[in-house]
Amino acid sequence: MCDFCNDLRNIEPASYLGGGDAEFQEWIKEKRKKKAFIMYHNIDDEFVELIVVEKCPVCGHVFTEEEYDELTFW
């Protein structure tokens, strides 16, 4: 793992996300069931896109369900 994928400001488990409207809540609920990791992609100063990633775009580390479970405390 590299500094990029170890930094939860870049990539984090879906279980860390919450809030938003009903559509977002349904989307994140689905991603939690799949134990997905979410990457933040800054589009500009105002908008951030959330992207499901299976591996780090910098070092290629493949995220596992075990890592998801280790990072999810609730």
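Just above sits the structure.
Residues numbered from 1 in each chain as written. Predicted model: local features only at pLDDT ≥ 70, side-chain atom pairs only at ≥ 80, totals over all residues. Heavy atoms only, no water.

Student: Which parts of the structure should I look at to understand the nonpolar core?
Tutor: Across soluble globular proteins, nonpolar side chains have a tendency to be buried as a group. Core analysis: the biggest nonpolar cluster contains 14 residues, and C5, I11, F37, V53 and F63 have the highest contact counts within it. Among the elements that take part in this core, strand β2 (residues 37–42) stands out by supplying three residues, more than any other. Excluding residues within four positions of it along the chain, I11 makes contact with F4, C5, F37, I38, M39, V53, C56, P57 and F63. (Core = buried A, V, L, I, M, F, W, Y, C linked by side-chain atoms within 4.5 Å. Buried < 20%, exposed > 50% of the residue type's maximum accessible area, 1.4 Å probe, protein only. Helix = DSSP H or I, 4+ residues; strand = E, 2+ residues; numbered from the N terminus. Contact = heavy atoms within 4.5 Å.)

Student: Is there a simple way to explain the pattern of salt bridges in this structure?
Tutor: Pairs may arise between side chains of opposite charge once their charged atoms sit close together. Applying the stated criterion to the full structure yields four salt bridges. Across the salt bridge formed by D7 and R9, the nearest N and O atoms sit 2.7 Å from each other. The shortest N-O distance in the salt bridge between E30 and K31 comes to 3.2 Å. One network of salt bridges, in which partners are shared, links E30, K31 and K34. (Salt bridge = Lys/Arg side-chain N within 4 Å of Asp/Glu carboxyl O.)

Student: Explanation requested: the sheet that holds strand β1 (residues 11–13) in the structure shown.
Tutor: Sheet strands pair via backbone hydrogen bonds, and the direction of the pair is either parallel or antiparallel. An order of β1-β2-β3 is seen for the three strands of this open sheet, with the pairing classed as antiparallel. Each edge of the sheet is formed by a strand with only one pairing partner; in this case those strands are β1 and β3 (48–53). Between one strand and the next, the sheet's axes are offset by a mean angle of 35 degrees, whatever the strand orientation. Direction of pairing for β1 relative to β2: antiparallel, over a ladder of three bridges. If you follow P13 over to β2, its bridge partner there is F37. (Pairing = 2+ DSSP bridges. Axes fitted to C-alpha atoms, helices over the stretch in contact; angles between N-to-C directions.)

Student: Any chance you could explain the pairing of β2 here in plain terms?
Tutor: Each regular strand shows side chains that alternate between the opposite faces of the sheet. Bridge count for β2 against β3 is six bridges, and the pairing is antiparallel. Among the inter-strand pairings, Y40 is bridged to a residue of β3, identified as L50. Counted along the chain from β2 to the antiparallel partner β3, the turn is five residues long.

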